[in-house]
Amino acid sequence: MRESDHDLLRWARIDARRLSLDVSREHLLRWYRQMLLARLVDDRLADLRAGGYASGGASCRGHEAAQIGCIAALSIGTDFILPYYRDLAAMLALGMPPRAIFLNQLSRGSDPISNGRMRPAQWNSRALNVISASGLVGTQTLHAAGIAFAARIRGEAAVALTFFGEGATSQGDFHEALNFAGLHHLPVIFVCENNGIALSTPQGTQMPVQHVADRAAAYGMPGVIVDGTDLLAVIATARDAFANARAGKGPTLIEVVVPRLATDAPDPRDPVLALRGYLLSRQDLTDAQDERLRADLGIMIDAALQEAVNAPSPDPATVAEHLFSDSGASSRKEA
Amino acid sequence: MRTITYREALREAMREEMARDERVIVIGEDIDGYGGTYAVTKGLADEFGRERVRDTPLAEEIIVGTAIGAAMGGMRPVAEIMTINFALLASDQIVNAAAKARYMFGGQVSVPLVVRMPAGGGAQRGAQHSQTLESWFAHVPGMKVVMPATPYDAKGMLKAAIRDEDMVLLIEHELLYGIKGEVPDEGVEYTVPLNRGEIRREGRDVSLITFSRSVHLCLQAAEELAKEGIEAEVVDMRCIRPIDLDLALDSIAKTNRAIVVEEGWKYYGTGQGIAALLYEYGFDNLDAPIGHVTGVDAPAPYAKNLEKAAFPVRNDIIDAVRRIMPQRVAR
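Residues numbered from 1 in each chain as written. Chains lettered and ligands numbered in written order. Predicted model: local features only at pLDDT ≥ 70, side-chain atom pairs only at ≥ 80, totals over all residues. Heavy atoms only, no water.

1. A short note on the overall build of chain B
Quick note on the threshold: A helix here means a DSSP run of H or I that spans at least four residues, while a strand means a run of E at least two residues long, and both kinds are numbered starting from the N terminus. Buried residues are those whose accessible area, probed at 1.4 Å on protein chains only, stays under 20% of the maximum for their type, while exposed residues exceed 50% and partly exposed ones sit between those limits. Whether two residues touch is decided by their heavy atoms; if any such pair falls within 4.5 Å, the residues are in contact. For accessible areas, the Shrake-Rupley method is used with a probe of radius 1.4 Å. Any residue's cover is judged against the shown protein chains and nothing else.
What chain B contains, in helices and strands, is 12 helices and 14 strands. Referenced to the eigenvectors of the C-alpha coordinate spread, the extents of chain B come out at roughly 65 × 45 × 40 Å. Across the 331 residues in chain B, those meeting the buried criterion constitute 63%. For chain B, restricting intrachain contacts to residue pairs at least 6 apart in sequence, the fraction spanning at least 24 positions comes to 83%. Total accessible area computed for chain B in this model is approximately 12,200 Å², and 50% of it derives from carbon and sulfur atoms.

2. Brief notes about the packing of aromatic side chains
The condition that has to hold: Each Phe, Tyr or Trp ring (for Trp, its six-membered ring) is paired with any other whose centre lies within 6.5 Å, and the angle between the two planes then decides the class: stacked below 30 degrees, edge-to-face above 60, tilted in between.
Summed over the entire model, instances satisfying the criterion amount to 7 aromatic pairs over all chains. Summarising the aromatic geometry, the rings of Tyr 84 of chain A and Tyr 85 of chain A are spaced 5.2 Å apart at their centres and angled 55° between planes, so their arrangement reads as tilted. Residue Tyr 85 of chain A is classed as partly exposed on the basis of its relative accessible area of 24%. Seen from their ring centres, Tyr 38 of chain B and Tyr 177 of chain B are 4.9 Å apart, and the 25° between their planes marks the pair as stacked. Of this pair, Tyr 38 of chain B sits in the loop between β2 (24–28) and α2 (44–48) while Tyr 177 of chain B sits in the loop between β7 (168–173) and β8 (180–183), and the two are 139 residues apart along the sequence. Across this residue pair, the class does not change: Tyr 38 of chain B and Tyr 177 of chain B are buried. One aromatic cluster is present, formed by Tyr 6, Tyr 38 and Tyr 177 of chain B through successive ring pairs.

3. Observations regarding the domain arrangement of chain B
All names here are of chain B. For clarity, the cut-off: Boundaries between domains were set according to an automatic or database domain assignment. Summed over both partners, the accessible area (1.4 Å probe) lost when two parts come together is defined as the buried area.
By domain assignment, chain B separates into domain 1 (2–183) and domain 2 (198–324). Placing a centre on the C-alpha atoms of domain 1 and another on those of domain 2 gives a separation of 26 Å. With 32 residues of domain 1 at the contact, the number on the domain 2 side is 26 residues. Buried surface at the junction of domain 1 and domain 2, summed over both partners, amounts to about 2,200 Å²; 56% is from carbon and sulfur atoms. By the criterion of area lost to domain 2, the three top residues of domain 1 are Gln 124, Met 147 and Ala 149, representing 26% of everything that side buries.

4. Some details on empty space enclosed by the protein
Residue and element names in this part refer to chain B. Put simply, the test is: Every definition here rests on a 1 Å grid over the protein atoms only: cavities are sets of points where a 1.4 Å probe fits but cannot get out, pockets are open sets enclosed by protein on both sides within 12 Å along at least five of seven lines, and lining residues have some atom within 4 Å of a point. Grid points are joined across faces, edges and corners, and a volume is the space filled by probe spheres set on the points. Residues were grouped as follows: Ala, Val, Leu, Ile, Met, Phe, Trp, Tyr, Cys and Pro as nonpolar; Asp, Glu, Lys and Arg as charged; and all remaining residues, including Gly, as polar.
Within the structure shown, the criterion is met by 8 cavities of 30 Å³ or more. Space inside the largest cavity adds up to approximately 120 Å³. The class makeup of the residues in the lining of the largest cavity is 9 nonpolar, 5 polar and 1 charged. For the lining of the largest cavity, the two domains that each supply at least three residues are domain 1 (2–183) and domain 2 (198–324). What the second largest cavity holds in volume is close to 80 Å³. Lining the second largest cavity are 13 residues; nearest its centre among them are Thr 132, Met 147, Phe 211, Ser 212 and Glu 263.

5. Some details on the interface of chain B and chain A
As a reminder of what qualifies: One speaks of a salt bridge when a side-chain nitrogen belonging to Lys or Arg is within 4 Å of a carboxyl oxygen belonging to Asp or Glu.
The interface is formed by 52 residues belonging to chain B together with 47 residues belonging to chain A. For the pair chain B and chain A, the summed buried surface comes to about 4,100 Å²; carbon and sulfur atoms form 60% of the total. On the chain B side of the contact with chain A, Met 72, Tyr 103 and Phe 105 of chain B bury the most area, a combined 17% of that side's loss. We note a salt bridge from Asp 326 of chain A to Lys 144 of chain B, for which the minimum N-O separation is 3.2 Å.

6. Notes on the nonpolar core
Note the cut-off: To qualify as a nonpolar core, a set must consist of buried Ala, Val, Leu, Ile, Met, Phe, Trp, Tyr and Cys residues joined through side-chain atoms within 4.5 Å.
Ranked by size, the top nonpolar core spans 93 residues in total, and within it Met 143 and Ile 209 of chain B carry the most contacts. When residues are assigned to domains, this core turns out to be shared by domain 1 (2–183) and domain 2 (198–324) of chain B, each giving three or more. Other than its neighbours up to four places away in sequence, Met 143 of chain B contacts Phe 324 of chain A together with Ile 94, Val 95, Ala 99, Phe 137, Met 167, Leu 169 and Arg 241 of chain B. In this structure, Leu 37, Ile 113, Trp 123 and Phe 242 of chain A belong to the second largest nonpolar core, which totals 76 residues.

Here you go:
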């Protein structure tokens with residue numbers, strides 16, 4: 001089998017100077033906090049699933065820097081985000097509270113994402129401009145193109161950022177979305193979180209090209225590959241893509257190569273450990289500060305989880321609610 | 001009032017709504033270059049610009065998928081699918097994304113989208129271009145499906161659909177584009193509700209329950225039946241979902257007999273759905289089994305004489321009525 005992107009990569013060697021990035025300690029610590037938060041919430045969700053308390057959703061372990069790096073480059077409240085089901089870290093970085101994540105995972109009536117109606121991890125938030133996460137792989141890429149099209153007609157500065165796995169790039173929707181976005185130079189950023197495996201199918205048996213980014217050539221847009229465990233490299237790449245989109249230069253396909261980390265065992269590809277190591281080397285963080293941060297986050301997360309556990313399930317009498325803006329019914333005798 | 005075609009009525013509806021609300025955009029294949037395959041959108045691009053009247057690549061998922069995104073992003077798109085037959089390519093976006101979005105997200109997401117498309121056969125377009133598939137979509141909760149039969153309804157329902165907060169599938173009929181009918185003058189404001197049917201002809205003896213082009217066949221059949229002394233009531237169900245069941249139930253409470261008439265296939269279709277509801281809620285008012293006139297159970301053939309045999313004609317309706325009338329009816 002061919003080499004995959006994963007074989008080619010040398011995993012995170014974070015270095016702001018190499019990227020000519022001007023980042024402050026404050027920024028780095030904020031992003032590190034977001035990465036830790038995502039990791040710790042992900043752990044709780046894994047526990048809930050393993051314990052049989054919840055089902056659905058997928059781990060973002062290994063994808064944290066890829067997602068947070070892209071969110072760091074966008075303008076919250078202006079830009080639109082069309083995620084897929086692994087984008088837990090992206091949602092937390094945007095500002096979705098852990099309480100919302102747990103209420104959603106446990107399908108509570110007060111689940112602000114769907115009122116208990118949607119499979120967990122199909123994110124939605126009007127306030128954060130998070131739209132249309134689908135359980136169907138790749139369909140949201142077309143919605144991203146449509147939102148960008150609408151924004152341009154209205155003369156708004158919004159960029160549509162959409163995430164998906166490499167498996168989605170074999171879907172027709174992906175082809176159609178990139179074709180339309182490329183054709184009209186729409187302000188869309190297509191981010192492929194390539195973890196090398198679609199459910200169980202390795203990349204080499206999914207596509208005849210070596211890099212997902214190679215597919216961009218067919219749609220008249222740049223395709224960029226970036227090490228998704230290197231937070232700063234992702235930020236630099238995403239900033240370029242946003243700048244191009246806002247300048248009317250059209251869409252970008254970013255292939256963020258990430259590991260799908262399965263266990264809690266230390267892994268040299270772990271983006272959280274990579275950023276931690278960088279912070280320690282810069283003396284922006286001490287071991288004691290790191291432990292304190294983890295403990296504080298843990299307390300906050302456990303409180304949110306407890307609140308969700310205690311929240312009631314949806315009222316069964318509401319099962320048919322929210323189908324239409326109006327009642328959707330006509331005649332009183334209708335079944 | 002003046003008399004215009006069904007096609008012109010649809011175009012006027014879009015023109016008026018585009019002028020009234022800058023969020024209204026039109027998107028589809030060849031809607032600019034050709035003015036639409038059935039010339040419904042002719043002139044709109046010149047009037048409103050090519051950003052608001054957008055020709056797409058030949059890909060139905062682009063049309064519906066980007067229109068859904070635009071709708072969720074604050075626009076009011078009218079998507080034209082060349083024919084309902086091609087909507088199968090976009091059915092994932094229609095069924096799985098647009099129809100479910102509000103429910104899945106607990107009432108927080110609206111998809112104010114209109115998908116316009118013709119259905120129906122009779123113009124020698126063959127098996128893959130002559131289908132009537134509204135029941136495939138109407139089956140899904142969250143779907144609004146309407147099928148206007150007259151120019152008045154075409155304009156009024158399209159305007160109502162554009163203003164609706166939910167997705168509406170407005171299914172036209174390719175043999176209706178050229179028919180003429182009375183429509184209020186341009187700029188005279190009216191809409192037609194998306195949940196009410198209409199009695200097209202009153203009668204006491206039998207209810208012909210129908211929609212779309214078959215309304216006109218039923219009206220012709222009713223005129224013939226009247227010569228035999230049988231007064232048929234023609235009930236235009238025009239809203240397939242939500243359905244105006246009361247209208248049909250009130251009609252059979254009066255006539256005690258019903259024939260459901262459609263050009264689609266018999267099994268598991270719209271007509272069977274309507275008949276089942278009439279049995280469920282109107283059984284006590286029926287003096288005879290409900291008759292059902294449909295297209296023949298085969299893909300639409302191409303040869304002219306075969307195609308003629310495949311779709312219902314006026315006399316099929318007359319025969320069906322005679323079969324369920326009491327013999328004493330020779331008045």
